[in-house]
Amino acid sequence: ETTKKKGHIVMIPFMAHGHLIPFLALARKIQQTTNTIYTITIASTPLNIQHLKSAISTTFSNNDISIHLAELPFNSSQYGLPPNIENTEKLPLTDIIKIFHASTSLQAPFSSLISNITEQEGHPPLCIISDVFLGWVTNVAKCLGTKNITFTTCGAYGTLAYISIWSNLPHRKTDSDEFWVEGFPQNYRFHISQMHRYLRQADGSDSWSKFFPPQIALSMKSDGWICNTVEKIETFGLQHLRKYLELPVWSVGPLLPPSSALKGLNSKYRAGKESGIALEECIEWLDLKDEKSVLYISFGSQNTISASQMMALAEGLEESEKTFIWVIRPPFGFDMNGEFKEEWLPKGFEERTRLSKRGLLVHKWGPQLEILSHKSTGAFLSHCGWNSVLESLSQGVPIIGWPLAAEQGYNAKMLVEEMGVSVELTRTVESVISKEDVKRVIGIVMDQEGKGKEMKEKANEIAVHMREATIERGEEKGSSLRAMDDFVRTIL
Ligand code: UDP
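Everything in this summary refers to the structure shown in the same document. (Residues numbered from 1 in each chain as written. Predicted model: local features only at pLDDT ≥ 70, side-chain atom pairs only at ≥ 80, totals over all residues. Heavy atoms only, no water.)

## Description of the nonpolar core
For soluble globular proteins, nonpolar side chains are generally found buried alongside one another.
Phase 1: Within the largest apolar cluster, 80 residues are counted, with the highest numbers of intra-cluster contacts made by Phe110, Trp166, Phe190, Phe212, Leu393 and Tyr410.
Phase 2: The leading source of residues in this core is helix α6 (residues 156–168), at 8 residues.
Phase 3: Look past the residues within four positions of tyrosine 410 in its chain and what remains in contact with it is Tyr157, Gly158, Ala161, Tyr162, Ile165, Phe190, Gln194, Met195 and Leu199. (Core = buried A, V, L, I, M, F, W, Y, C linked by side-chain atoms within 4.5 Å. Buried < 20%, exposed > 50% of the residue type's maximum accessible area, 1.4 Å probe, protein only. Helix = DSSP H or I, 4+ residues; strand = E, 2+ residues; numbered from the N terminus. Contact = heavy atoms within 4.5 Å.)

Here it is as structure tokens:
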């Protein structure tokens, strides 16, 4: 480092793919906004640092590498994790909670990092931006005399529902399946089926309840929140989140993965998992299809559906006669990164779809943003993870909802009720679905007339709002650029 930077911003993401990449995108956005006058350091465990390195090397040109990476020592076995497991990938869902608990062990090495920076630079960093799940950072920041900003990688609506339900467990206080969630209007109702079963069953004594409420409570004491969303698309969610937190909330989104970073990750995944598909192959396949005719199916980076659901989905797809790209993994209960067995699909399914060119099965990991941005893609059957939602809407692609975990059930509700860009197929990995359900929903969303057309138009409007939020027209800056300016003023 030859030029002296004006201050230091330290970031610490939760250790999951859907968090690391938005943190990197946020770091990049801060650098763009501030003309790289600040040093930015992202701290994480060694394997996650490797992950970030490979993403950065494909994203930044040589004269633009000003993101520093700091390794925090991590002992996975201490929390009952297998060796070399440092993030949620490759872990069965039942073990994911261990990563959350293990993340609290980063407190000591992270404090040392902040102390070292303070010593070397003569003053503490300008601020620490920490993941909403790493609430303990608030204490570190207070002790070491710096500000703490919480970054929620979810949308405003989903964040509010998630933090409020974990903090208040409203479903435990009623016999009804429907309940009010503090922070939302009085007449607003959520349904128990919109929650993940760990939360449905949480009673304060289980390992999930022992982690989330205290960490969320700490994050609510930070100096402000950054949200990966856009003012105009989440007016309702932002208004209520701000009221609930009583803190500034900067919506700086959409923070989309730079597609070159995804390319890097995709090739890495291909190598690591000995599967996936070449980007070129996917694009060539899509090039041959009609405009908006292809359904893209994927359940994010760490979820899969049950064996019986997979069978029904495949049958429904075949009978729907629509073309599709399906990122497919072994069903729930099996090693998600293991060998795929033909018996999980209807007899001859893979061959029939290949020969008829009706479907492309991509094993484990696909080039999602590239697929979504292709003109042939007409709809996305998604688990409604927030990154997937943003990526889809940024390309004007309506969504068939199938939420599986985390805050996805709340996102799915918002997509249907607030945004009008989605129909829900089903919820959770436990539900029973039939091929008729699949056919019916695909029919509605991919219809070029009627409701399907309406959803498409709404998704296109949202895509426009997203673009406008991040551009400058003459003197007028988009809302996300203004939010970023305001955030920077606040930390100075
Ligand atoms: N993703 C991808 N290819 C896949 C599956 C996922 O590129 O086959 C990317 C996707 O584009 C998104 C992220 O992984 O950026 C998934 O994040 P999301 O918030 O949607 O879900 P999560 O994985 O956190 O459940």
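## As for unusual backbone geometry
Phase 1: In the segment running from glycine 253 into proline 254, the intervening peptide bond is cis, with an omega of -5°.
Phase 2: Located in the positive-phi region is cysteine 384, a residue other than glycine, with phi close to 65°.
Phase 3: Mapping cysteine 384 onto the fold places it in the loop between β13 (377–382) and α15 (386–394).
Phase 4: The class for cysteine 384 is buried, based on a relative accessible area of 0%.

## Some points on the pairing of strand β4 (residues 127–131)
Side chains on a regular strand alternate between the two faces of the sheet.
Phase 1: Where burial is concerned, most of β4 is hidden: 5 out of the 5 residues are buried.
Phase 2: Of the two faces of β4, both are covered, the one formed by Cys127, Ile129 and Asp131 as well as the one formed by Ile128 and Ser130.
Phase 3: Strand direction decides the pairing type here: strand β1 (residues 8–12) and β4, joined by 4 bridges, are parallel. Bridged to isoleucine 12 within β4 is serine 130. (Pairing = 2+ DSSP bridges.)

## Considering the site of the ligand
Phase 1: Among the 16 residues in the neighbourhood of the ligand, the closest are listed as Ser301, Gly366, Asn387, Ser388 and Glu391.
Phase 2: Glycine 366 has a polar backbone atom sitting 2.7 Å from a nitrogen atom of the ligand.
Phase 3: Between the ligand and tryptophan 386, the relevant distance is 3.5 Å, taken from an oxygen atom to a main-chain nitrogen or oxygen of the residue.
Phase 4: Considered on its own, the ligand offers 540 Å² of accessible surface; in the complex 94% of this is hidden by protein.
Phase 5: At the level of elements, α1 (17–34) and α15 are the ones that each hand at least two residues to the shell around the ligand. (Near = heavy atom within 4 Å. Polar contact = N/O pair within 3.5 Å; in protein donor to acceptor, adjacent residues only side chain to side chain. Areas by Shrake-Rupley, 256 points an atom, 1.4 Å probe, with all protein chains shown as cover.)

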